[in-house]
Amino acid sequence: MTPATPAYRRLSVEERRSQLLDAALSLFAHRAPEEVSLDDVAEAAGVSRPLVYRYFPGGKQQLYEAALRSAAEELHQCFDEPRRGPLLPRLARALDRYLAFVDQHDTGFSALLQGGSVVETSRTTAIVDGVRRAAAEHIMRHLEVAEPGPRLRMTVRMWITAVEAASLIWLDEAKQPPAGELRDWLVEQFVAAFSVTARRDPQTAALVEALAADG
């Protein structure tokens, strides 16, 4: 007897959309957005180009923005660390996840943060800014500060900017030093930035004292 051919399982709308986004993300992770075509996405997903258009009628721009939102959600989760135990080890664990994301999406991460892509719009910029705001909010929650003053807010945002810049340089430097060393250095930069601000801001000074007692 001839073996039965396995039945083809039709994907649901959400499953198919997720499949296409996964294929797009895998391409955007290693190639600049302008270098990826809908044909590339269709081939990576094992589907036809018209099927990609059926789910993303806005074409490559709509697909890129959807993939970017998916990546942004993954980045949000990098900072979603349980608020238990000392602060600095929590921050180190969040950075481990962040740097793992950077490592996995190297070329796409660079294109995303450096801008200049032909598919960059105010919407894509807003998605990236949303990741930065979410990171700052997570840090404030870990600091247990309900009403941060301007100096504290500025210090946290400057550190997040420094983390982004260091990540881009790390990619340019062939991912050297090793991720663990970069993580530790970024944690030290966090403490150093807070120590400088503490000289001018009583709210930050109290947090530095708490960090010292915590460590």
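Notes on the structure follow.

Conventions and cut-offs
- Residues numbered from 1 in each chain as written.
- Predicted model: local features only at pLDDT ≥ 70, side-chain atom pairs only at ≥ 80, totals over all residues.
- Heavy atoms only, no water.
- Helix = DSSP H or I, 4+ residues; strand = E, 2+ residues; numbered from the N terminus.
- Contact = heavy atoms within 4.5 Å.
- Expected span 1.5 Å × (residues − 1).
- Buried < 20%, exposed > 50% of the residue type's maximum accessible area, 1.4 Å probe, protein only.
- Arc of directions from axis to C-beta.
- Core = buried A, V, L, I, M, F, W, Y, C linked by side-chain atoms within 4.5 Å.
- Phe/Tyr/Trp six-rings, centres within 6.5 Å; stacked < 30°, edge-to-face > 60°.

Now for the environment of Ala71. Looking at the secondary structure, you find Ala71 in helix H4 (residues 60–78). For Ala71, the residues in contact, after removing those within four places along its chain, are Leu25 and Phe101.

A separate point is helix H9 (residues 179–198). Structurally, the α-helix is built with 3.6 residues per turn, so residues lying three or four positions apart point the same way. The end-to-end C-alpha distance of H9, which contains 20 residues, comes to 29 Å, matching closely the 28 Å that a straight helix rising 1.5 Å per residue would cover. Those residues of H9 that fall on the buried side of the exposure criterion are Leu182, Arg183, Leu186, Val187, Phe190, Phe194, Thr197 and Ala198. Projected down its long axis, H9 carries its buried residues within an arc of 165°, all on one side. Those residues of H9 that are buried are in contact with helix H5 (87–104), helix H7 (122–143), helix H8 (150–172) and helix H10 (202–214).

As a further point, take the nonpolar core. Counting residues in each nonpolar core, the largest one holds 61 residues, and the members touching the most others are Leu63, Tyr98, Leu143, Leu152, Val156, Trp159 and Phe190. What Leu143 contacts, discounting residues up to four positions off in sequence, is Leu87, Leu152, Val156, Phe194 and Leu207.

Further remarks concern the packing of aromatic side chains. Enumeration over the complete set of coordinates arrives at 4 aromatic pairs. Ring centres 5.1 Å apart and planes at 80° place the aromatic pair Phe28 and Tyr64 in the edge-to-face group. Here Tyr64 lies in helix H4 and Phe28 lies in helix H1 (residues 13–28), a separation of 36 residues in the sequence. The exposure class assigned to Phe28 is buried, which follows from its relative accessible area of 7%. Linked through ring pairs, Trp159, Phe190 and Phe194 together constitute an aromatic cluster.

Another point: unusual backbone geometry. Here the bond from Gln176 into Pro177 is cis, since omega is 0°, no more than 30 degrees from zero. Looking at the secondary structure, you find Pro177 in the loop between H8 and H9. One non-glycine residue, Lys175, adopts positive backbone phi at about 60°. Topologically, Lys175 is positioned in the loop between H8 and H9. Overall, Lys175 belongs to the partly exposed group, its relative accessible area being 24%.

What follows is about the environment of Leu95. Relative to the assigned elements, Leu95 resides in helix H5. Residue Leu95 is classed as buried on the basis of its relative accessible area of 1%. Residues Leu95 and Phe79, 16 residues apart in the sequence, show an inter-C-alpha distance of 7.7 Å.

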